[in-house]
Structure formats: C-alpha cells, structure tokens
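Close look at the chain arrangement
Listed below are the residues making up each chain.
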Amino acid sequence: MATASDEDSCLTTDVMLCSICLEQYKRPVSLPCSHSFCLTCLSTHIITACVNCDPPLGFPCPLCRKFIPAPGKIKEYSVDQWAKLFPENKFLASVAVGTKPIYCKPCQEDEEESKASSWCRDCSEVLCDDCVKCHKKFRPTRSHVVVTFTECSANFPEPVDLHKCAAHDDRKLELICKEHIVPCCSICVIKEHVGCKQFCQLKDVDENIVGPNNIRNLQTGVETMCLNLQKIITDEKNNMNSLDDTSDAFAKELSEITTAIIDNVKMLKEKHLNELAKLTKESKSKLEKSVQSTEHRLLYLQYWREQLLTNMSTETNLKTYDVLSYIKMKDFYENIRRLNYSKLEISIQTEIFDSVRKLTSLSCLAKTTVCENSNRQAFDLRKIDFKSADVVNISEFKIENCDITDGVFLSLNKLLVADGTNKRCVLCNTNGVILQEIALPGSPWGMCVHGENEVLVTLPDNKKVVVLDANSLETKQSVPVDCGCRGISTSGNTAVIGANDSVVMFDNFLDETICKTLTINTGSTDDVALGGDGNIIFINYSENVLKTFDKSGKMLFKYSHEELKNLYGLTVDGHGNIFVNGCNSNNIHIVSNDGKAVRILKGVQGPKCIKFLRGTYRFLVGEARGRVKVFELQNS
C-alpha cells in the first residue's frame, strides 16, 4: 500500500513540475490531449511549431506529439494568443504554488489539518478522505466529480459541446437559420440574423437541410480531401529524396572528371559543390515547410473528422447531435477547403560544360539551377463525366436594376456580383436576398478571388484594380495599371488582365515591384483566365474564338464553333477544363485543356459571366437584366 510520503513524492515528480521548463507550474493550462504546461512555455512552443505553416492550423503536444487544433475558426486568433485560450488547470494552479504537505481545504476552515488526497472539480477544492465521504453523502454535492490527485493531474479533456453558442456566452443553440444553414441561439437571431425570415427548431430539421445524403456527401468529401492531402505530402517527401539522389549523382560525375584536372580546377570543383549543397539545402527547406503546412491541414481535418463524424448516424431520423456535428464539420470542411492548395516540386538541374573536359583554366565548372513549380491543387469531391453529367439548377433569381458584368462565390451560399451601371458590388445569398452593397469609385467590369481573403475588381475607366477584403468587403488598396483593365485572373503573385485590344501579364501583382512581363495583342478581348499550368486563356468576341497561349506568348490552340456566338465570360475548373459563354447563342461550351469540344450546355439566356465555387462543380452564371443562375454538375 502506498504511504503518504509515496504520494507526496509522486506529486512532486508527476504533477507539480512543467515538463517543458521542469519547474513548478506558472499559470498552468491544459490541452485536449490531457497534458498541462505553463502558459508561457506552451505559448513559446506553439509559436516555434507554427513558424513554417501558412496558415497555422494547430501544433503537436510537446509531450505526446498528438496534433492539437487551433482554438476557434481558421485565422480567428493569432498564434501568440492560442495558449491563453486553452482552459486553466485549476488543480495544478491550486497545488503547485502551495507548500507540502497539501491539506484539506474544508478541514483548514475548521482549524484542523488533514492531508488532502482528492480534488473536487466542481468546487475546485482539495479534500481529505473523510471530506470525500461527506461530499458524496451531502445531497447538494452528491453529483460532484471527485477524483484522486493522480487522476485529476491528467485533467481529462471534456468532449466538444456543440449545443453552446461560442459567440454569445455559451447560450444554448435552439434554432437553425434555413437561409444560412447555421445553428442560432436567441441572441444570434436578433443580431447576426436580424434580416433572415426562415428558422426552425433544431429538433425539427428536415433532410432537405441536413439529411443522410448530406452527411454521406460530406464524409466522402472529407475522406477524398484527406487522401489528396496525403498524396501531396508523399510526393513532396519523395521529391526531397530525389533531390538527394540528383545531388549525389552529379557529385559523383563531377568528381570523376576533376580527378584528371589540375589543382585550380579542383578548387573550382569544391566551390561548385558548396553552391550545390546550398541550393539543395534551401530547396529541401522549402519542401519541408510545404510538407509541414500540408500535414497540419490534414491533421486538422482528421482531428475534426474523428471528433464529429466517426459516430455520426446516417439514418433518416437524425439526432440533434448529428445535425450539429454535420454543420460544425461542414463549416470546418468548407473553411479549410477554401484555402489555397499547391504541390511544390523542386528539381536541381546540372550541366557540365564540354570545355571543362578540355581546358584547365576556367571560371566555373557547371551550370546549376533550381526549377521550382508550385501547382495549385483542386480537391473536387468527385470525378465528373461531363458528357453525361446532370446540370442541376440550384437556384435562380433577379437583382433589380443591376447590370451584371462579373461575379464570384465568397462561400457556398454567398455571391458577390459586379454592377457596371450603378458603380457597385452586390453581396447576396443564393436565394437572391441582398445582404450588402459596396460603392465603388468607378464602373466595375471583371472580378476574381485572389488568395484566401481578397477579391480583385477591375475599373477599366479608372485604369485601376480595387482590392476588397473578402470578409468585410472593405477596400484594402487600389492598384493603378497602365491599361484599360477588364477581365482579370490570378494565380499566386501572377495576374493576367484583358485590356480590350490585348492581354497583359503582371508579376508581383499587388506588390511595390509590380512589373509587366508579357503583352499579347489580341483585338476585341475582355475576358481572360489562367489555367492550372500557367497558360493564358482569353476570348476574342469579334472573331468568336477562344485562344490559349503559354507564358512565352506562343499560341497552343484556338477553339471556335458554329454554335458559339458572341463570346462573353469564361472560367476554368480544377482540372483545366474551360467553360466559355456564348451570349448570343444562349449556351455554355465546355472545352478540354487541349482545345477539344466536350459538351454544350443549354438553359441560359444571354450569359455574361461564369465562375466556379473553388473545389466544386457548382458555378454561377450572370445573365442580362440582372438574372443570376446557380448550377451544379452531378454524375447521373
């Protein structure tokens, strides 16, 4: 049987010392994995662990290395705030600062000294064995959770409570807004959803809002995304190994040549190998950063999948917890899906000059370059057979007194459209309810989502591109461009703009070092797009032809069709397929990334713009007289 001194010793080694600084706890906080650390120690660990992640989504526990997701939503809090948002370990805070032995708190109030052995989580007090018995007998405290010191030191995590509103002091979530498909407490209804008209009780949610099909589709999407993230991680780790192989092979070849050359050439050999080692190290470092960032996204998604989807029912009659779990998981899933995804590929190319084999007096031995290619990855939920896919009309509506020139998805249920006549942008939901109007200094023409949090809007008469914050829709900056900017598309720091009679490409767009890198004279060109491979796609509406050029300005192919008239608006899906509107032919042509006709879609009248919701086959079409239609391609 353990003695009191044995228990005191256990407390000293296992409970009273932070495992990071190995000192007594100072403001101990607990992680969901049950381990506790000093607030300052944990904050330093978090900042160090997240330095290479963009955006940071969590961190490994310093002790067990289990992934801990960031508090709140993605980017809701800065990394240096995370540690303060984890709960305080009240037991450790109580006993760590005291002197030994630890005495029972109620007994001390009666001027008695009894060694404490347990902790009441509800009262936040240490208790002796006798007080524990009384605690369990007394009716008001009978239901309190009382655990021994050894048990409470672990501070077992509490399950996620989906019934509480995080925005309003943990009020109970009782309703669901049918317009936004989000749960609401009583305050949410009168503040955030004051303009919404359709609500229902959580217990009355029907399968049209959250049903078995929705859950199965979400589960499929999460699993598919996990697989795609894992593939990126595997490919980039293999890339790191291939860099070593390339470096080793080149070093061997170079060594064999230099063995027969004079000392001066040997010196140059060492100089070049040092350069190679530096490039290899820098390249691997970039890949390691990319792998770590992608691993965090995977771990973040897997964590919430295990928390919310593992035991979810797919029966017709869903429990409230299943509904809340679905909505919570869907929110996490949509937020992380909207992040930019790219797979970094780095290769080191070396070329030994022929002159090295013949001459002994050279300034260098070889040419070494790093080829770095970061391709955006689109995680579609499924593969679509365009030829047989169903075109499902999700919604259609009309915005009165609106001349739609372009539009984008800000989320699954929110659209932002450009109104050229009224010099504004209009934020609305997919049911046509106008949520906000944003005044602009000129008439907008083109629009695109840039990165994760910005929307670019072109003002051709002003020769400027306005940068809007995607969340607040406030103007962040106005970028002057030396052309009558109309259509716009971006990829990374590269932007391509349709300038009526030409297509202009910019590097370092939105930076002070912005520079024009390519101009293609086209004639009658407004709308443009960038393919996943960096190719430039644009339309010539006077010639009724679509053209694709590479980055050097070489034309790859052009597409025209007798049923494609007055081209007006185009976009590209995640696999490089091109969707182009025929405004006068009242159709949409799907063109493969090598210029072949795939299918002609009907059901539109005078389409003027078209854009996809990133990572899906859902797209919006803006028509004449302010009409908007939202479609989704689904396999039959």
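The notes below deal with the structure included here. These numbers were taken from a predicted model, which means no experiment stands behind them. (Residues numbered from 1 in each chain as written. Predicted model: local features only at pLDDT ≥ 70, side-chain atom pairs only at ≥ 80, totals over all residues. Heavy atoms only, no water.)

1. Side note on the pairing of strand β37 (residues 618-623)
- Among the six residues of β37, six are classified as buried, and the element is accordingly described as predominantly covered.
- With burial as the criterion, each face of β37 is covered, one bearing R618, L620 and G622 and the other bearing F619, V621 and E623.
- Relative to β37, strand β36 (residues 607-612) runs antiparallel, the two sharing five bridges. Each bridged residue has a counterpart across the sheet, and for C609 the counterpart in β37 is G622.
- Between the antiparallel neighbours β36 and β37 lie five residues, among them G615 with a positive phi of about 80°.
- Hairpin remark: β37 followed by strand β38 (residues 627-634), antiparallel, with three residues in the connecting loop; positive phi at R625, about 60°. (Buried < 20%, exposed > 50% of the residue type's maximum accessible area, 1.4 Å probe, protein only. Helix = DSSP H or I, 4+ residues; strand = E, 2+ residues; numbered from the N terminus. Pairing = 2+ DSSP bridges.)

2. Describing the side chain of K343
- Structurally, the position occupied by K343 is in strand β13 (residues 342-352).
- Look at K343 and you get buried, because its relative accessible area is 15%.

3. Let's talk about the sheet that holds strand β22 (residues 464-469)
- As summarised here, the arrangement of the four strands in space is β20-β21-β22-β23, forming an open sheet in which the pairing is antiparallel. Since the sheet does not close on itself, it has two edges, and those belong to β20 (447-450) and β23 (475-480), each with one partner. Strand-to-strand twist across the sheet, computed as the mean angle between neighbouring axes with direction ignored, equals 25°.
- Examined bridge by bridge, β20 and strand β21 (residues 454-459) share four bridges and lie antiparallel to one another. Within the sheet, the bridge partner assigned to H450 lies in β21 and is E454. (Axes fitted to C-alpha atoms, helices over the stretch in contact; angles between N-to-C directions.)

4. Section: a negative patch on the surface
- Together, E109, D110, E111 and E112 line one region of the surface with negative charge.
- Here E112 is to be found in the loop between α5 (105-109) and β5 (118-120). (Patch = residues over 30% accessible without salt bridge, like charges linked within 9 Å, V, L, I, M, F, W, Y side chains within 5 Å. Areas by Shrake-Rupley, 256 points an atom, 1.4 Å probe, with all protein chains shown as cover. Salt bridge = Lys/Arg side-chain N within 4 Å of Asp/Glu carboxyl O. Lys, Arg positive; Asp, Glu negative; His and termini not counted. Charge placed at Lys NZ, Arg CZ, Asp CG, Glu CD.)

5. Quick notes on unusual backbone geometry
- D54 connects to P55 through a cis peptide bond whose omega is -5°.
- Mapped onto the secondary structure, P55 falls in the loop between α2 (39-49) and β3 (58-60).
- The residue R65 is not glycine, and still its phi comes out positive at about 70°.
- Tracing the sequence through the fold places R65 in the loop between β3 and β4 (67-69).
- Taking the relative accessible area as the measure of exposure, R65 reaches 51% and is therefore exposed.
- Its identity is not glycine, yet K463 carries a phi of approximately 55°, on the positive side.

6. Examining the sheet that holds strand β34 (residues 587-591)
- Taken together, four strands build an open sheet; the order of strands is β32-β33-β34-β35 and the sheet is antiparallel. Because the sheet does not close on itself, it has two edges, and the strands there are β32 (567-572) and β35 (597-601). Taken over all neighbouring pairs, the strand axes of this sheet differ in orientation by 20° on average, direction set aside.
- Relative to β34, strand β33 (residues 578-582) is paired through five bridges, and the arrangement is antiparallel. When the sheet's bridge partners are listed, I578 is paired in β34 with V591.

7. Let's talk about the packing of aromatic side chains
- Overall, the coordinates contain 13 aromatic pairs when judged by the stated rule.
- Ring centres of W304 and F332 lie 4.3 Å apart, and the angle between their planes is 20°; this geometry places the pair in the stacked category. Of the two residues, W304 sits in helix α10 (residues 263-308) while F332 sits in helix α11 (residues 320-337), which places them 28 residues apart along the sequence. In this structure, W304 and F332 share a single accessibility class: buried.
- Aromatic side chains F538 and F549 sit 5.5 Å apart centroid to centroid with 25° between the ring planes, which places their arrangement in the stacked category. Highlighted residues: F538 in strand β29 (residues 536-540) and F549 in strand β30 (residues 545-549), separated in sequence by eleven residues. No difference in accessibility class separates F538 from F549, as the two residues are buried.
- Members of the aromatic cluster, each reached through a chain of ring pairs, are F386, F579, F612, Y617, F619 and F631.
- The residue whose ring lies beneath R297 is Y341, and the NZ or CZ to ring-centre distance is 4.9 Å.
- Against the face of W445 rests R486, its NZ or CZ located 4.5 Å from the ring centre. (Phe/Tyr/Trp six-rings, centres within 6.5 Å; stacked < 30°, edge-to-face > 60°. Lys NZ or Arg CZ within 6 Å of the ring centre and 35° of its normal.)

8. Looking at the environment of V598
- Tracing the backbone shows V598 in strand β35.
- When neighbours within four sequence positions are excluded, V598 is seen to be in contact with F386, K387, I590, V591 and S592. (Contact = heavy atoms within 4.5 Å.)

9. Some thoughts on the pattern of salt bridges
- With the rule as written, the count across this model stands at 17 salt bridges.
- Residue D235 pairs with K231 through a salt bridge whose shortest N-O separation is 2.9 Å. In this pair, D235 and K231 both sit in helix α9 (residues 212-258), four residues apart, roughly one turn of the helix.
- For D406, the salt bridge identified is with K611, shortest N-O distance 2.9 Å. You can see D406 sitting in strand β16 (residues 404-409) and its partner K611 sitting in strand β36, a full 205 residues away along the chain.

10. Some details on helix α6 (residues 129-137)
- Buried residues of α6: C131, V132 and H135, and no others. Along α6, the residues classed as buried sweep out an arc of 105° about the axis, all on the same side. Turned more than 90 degrees away from the buried face of α6 sit D129, D130, K133, C134 and K137, all of them exposed.
- Contacts made by the buried residues of α6 are with α5, β5, β6 (125-127) and β7 (146-148). (Arc of directions from axis to C-beta.)

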